Every structure is written in C-alpha cells, then in structure tokens.
Amino acid sequence: MTILADVRSRTRGWHRPSALAAAALGVIAVLCVAALVIDQRTLAGAPIWAKPFKFAVSGALYFATWSWLVSLLPRFRRTAGGLTNFLVAIFAAEYVLLVFQAARGRASHFNNATPQDALIYNVMGKMIMGLWVATLVLTVLVMFTKLEDRASFWAVRAGAVVSLVGISLGILMTNPTAQQLAQWKTGGTPDLVGAHTVGLADGGPGLPILGWSTVAGDLRIPHFVGMHALQALPLLALALAALAPRFARLRDDVVRARLVLVGAAGYAGLTALVTWQALRAQSIVHPDALTLGAAALLVAAVGLGSWAAVRVR
C-alpha cells in the first residue's frame, strides 16, 4: 500500500471539506516559502510573506484536527459538519484578505492608515468573531465525542477547551496602546490600532519566521501556544499509547489518562505563564528571575503529578 493510499484509508471517515482545506493550506504554505525566497520585501521588519506562511501552517493543523474530531461524534455530526464548513469559508475569506494586503505591502491587522485598510481590518475582525463563536459551539459538541481510550477521551476534551482559550487571547492584541490613545487625545488618528508587542512598538527584532519579539513582550506567543493545545494534547495521548508496549504501567489506560490530565494542566499553566510574561513586556528569550521561578514551579508540579499518576495504584 502506498503512503497516499494509507492516508486515504485512515482518513476516509473524516470531515471532507476541512480535510481538503487542510491539504490546500499545506500546499499554500509551500508556495509561501517560495514567495519568501522570491519576494524580499519586508513590513515592520518582518518578511512580507511570513504572516501568510504562518497562517497557512496554523490553519492546516487546525482544520486537519477538526476534520478528525468531527468524525468521532456519535451525535450532532451534521451540525458539527455544517459549523466546520462555516469555519472553512470564514477562514478562506480572511486568508484571501490577508494575502491581498501582503501583496500590496500593507499590514492586514490593526491597520487604520486608510479607509480601505480600516475596512479590511474591520471585516477581518468580524470574521474572527464568527470563527470564535463557531469554535465555541464545536468545543461544546466535542464533549460528546466517543473514544474508548480514556487518555484520548480526555486529551480531546482538554485540548479543545485550552485551544478555545488560546484563540480568545487574541483579543488582547486589539487593545489600543498608550501611544495610540495619546494620539487620539491630541486629535490625531493613529495608523495602527492595537499591537502584538507589549512595551515597544511592533516591528522590532524577532525570532526567525515566527517573528516573536526578542526585546519585548509578544501576545502572539500565548495565542499560538494555547490555540495548538488541540494538537499537542491528542499527540501526547498517541505518544503514551505508542510507549505502552515498552512500559508496563502505561498499558493501563487509567494511568495514561492521568498523565494526559497532568499534561493538560501543565499546558494550561504554560499558556498562563507566557501570557503573564508577555503582559509584563518581557521577551520570551529574556525571562527574569520571577518568570524562571514560576516556570520551575510549573515543571516541578508537572513532574510530581506525572510521578504520582504512574506510582499510585
């Protein structure tokens, strides 16, 4: 059996439109890499095609996961399928606007420089609200998923909830900065309303591709970390199942479920930690003693919880 045939057999029952959307976004991500090589333009210090690339990768993961989750529903599958179709349409429209702005060399988010830019950002904002509401309803429906493996059962539910929280954290980036508010008070109109960098203006030094600020706080980090719990926690359940033949204690599905719950608590704690760090205008690569201490406590708590999950019978 070829790899393609194996993938088709494993995904036959998955929600088809979102699976196709995930595949299309995977192809688009590759095209964005080519665009990054060909088009050397930058915007606010970042390559112009970096954002379309990141959105394509994130969207591919998002829709692949929902395609699988919808297939697990014993009830409400038609409702979930319709909502997922809505998500595909909304994301596609938003992505077209994002690429349109990138091709023009204009910012797609927070842009208030011209009436056209403001209109595009306003429309995208309403699309994101629609996407959030649909994701909220889908998260509720996920609670009805049917999985015999207890670890996967809890991984899917916890992952969906933490992911919704991560998506919600994006609202923090829409708040006007102190400088933008000052412009309004003096009768001016800021070109940008909102920012992802805390403590400095957007556009400073950042990590390669990701663009996360290396000199200030960055609210994109908790948004990204939280949102992808939907992939991370089910992958943890799969990893534990793969290790079960080698480790006797992991053959007990109760032990694996406990470890997933510990992992979910740790992941939620990590999301809270990077949110707190960003709001304190602190770069992800330059944590202070307080952040390092909180991270150490989180690691210790997860380690102790994992030990207890394995040892307690």
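To start, this report covers the structure provided alongside it. Every value quoted in this text rests on a predicted model; they were computed, and no experiment measured them. Each chain carries its own residue numbering, running from 1 in the written order of its sequence. The predicted nature of this model means local features are confined to residues of pLDDT at least 70 and side-chain atom pairs, given and counted, to a pLDDT of 80 or more, with totals for whole chains, interfaces and linings taken over all residues. Calculation of side-chain values draws on the structure's entire complement of heavy atoms; hydrogens and water are dropped beforehand.

**Thoughts on unusual backbone geometry**
For step 1, the next point in the chain: Within the chain, F110 stands out as a residue other than glycine whose phi angle is a positive 65°.
For step 2, the next point in the chain: Tracing the backbone through its elements, the reader meets F110 in the loop between helix 4 (77-104) and helix 5 (115-142).
For step 3, the next point in the chain: Here's how the labels work: a residue is buried when its accessible area is under 20% of the maximum for its type, exposed when over 50%, partly exposed in between, all with a 1.4 Å probe on protein chains only. We classify F110 as buried; its relative accessible area is 8%. By the criteria applied, helices consist of DSSP H or I runs no shorter than four residues and strands consist of E runs no shorter than two, each listed in order from the N terminus.

**Structural notes on the packing of aromatic side chains**
For step 1, the next point in the chain: Pairing of aromatic side chains here covers Phe, Tyr and the six-membered ring of Trp, requires ring centres within 6.5 Å, and sorts the geometry by plane angle: under 30 degrees stacked, over 60 edge-to-face, intermediate tilted. One pass over the full model with this rule turns up 7 aromatic pairs.
For step 2, the next point in the chain: On the numbers, 5.1 Å between centres and 70° between planes, the contact of F76 with F144 is edge-to-face. Of this pair, F76 sits in the loop between helix 3 (50-71) and helix 4 while F144 is found in the loop between helix 5 and helix 6 (150-168), placing the two residues 68 residues apart along the sequence.
For step 3, the next point in the chain: According to the relative accessible area criterion, F76 is partly exposed, its value standing at 37%.
For step 4, the next point in the chain: When the ring of F110 is compared with that of Y121, the centres are 5.9 Å apart and the planes differ by 70°; the resulting orientation is edge-to-face. You can see F110 sitting in the loop between helix 4 and helix 5 and its partner Y121 sitting in helix 5, a full 11 residues away along the chain.
For step 5, the next point in the chain: Every member of this aromatic cluster is reached through a ring pair, and the members are Y62, F63, F91 and Y95.
For step 6, the next point in the chain: Two conditions define a charge located above a ring, namely a distance within 6 Å from the ring centre to NZ of Lys or CZ of Arg, and an angle within 35 degrees of the ring normal. In this structure, R157 is placed above the aromatic ring of F153, and the distance from its NZ or CZ to the ring centre is 3.5 Å.
For step 7, the next point in the chain: In this arrangement the basic side chain of R280 is found over the ring face of W276, its NZ or CZ atom lying 4.1 Å from the centre.

**Regarding the pattern of salt bridges**
For step 1, the next point in the chain: One side-chain nitrogen of Lys or Arg within 4 Å of one carboxyl oxygen of Asp or Glu is enough to make a salt bridge. By the definition in use, this model includes 7 salt bridges.
For step 2, the next point in the chain: Two residues, D117 and R106, come together in a salt bridge whose shortest N-O distance is 2.4 Å. Note that D117 is positioned in helix 5 and R106 in the loop between helix 4 and helix 5, a separation of 11 residues in sequence.
For step 3, the next point in the chain: R106 gets classed as partly exposed once you look at its relative accessible area, which sits at 27%.
For step 4, the next point in the chain: Look at the salt bridges and you will find they share partners, linking R104, R106 and D117 into a network.

**Thoughts on the side chain of Q282**
For step 1, the next point in the chain: Locating Q282 in the fold gives a position in the loop between helix 10 (253-279) and helix 11 (289-311).
For step 2, the next point in the chain: In protein, a polar contact means a hydrogen-donor-capable atom and an acceptor-capable atom, both N or O and within 3.5 Å, with residues adjacent in sequence counting only if both atoms are side-chain atoms; elsewhere, any N or O pair within 3.5 Å suffices. Among the polar contacts listed, one links the side chain of Q282 to the side chain of D288, at a separation of 2.9 Å.
For step 3, the next point in the chain: Among the polar contacts listed, one links the side chain of Q282 to the side chain of T291, at a separation of 2.7 Å.

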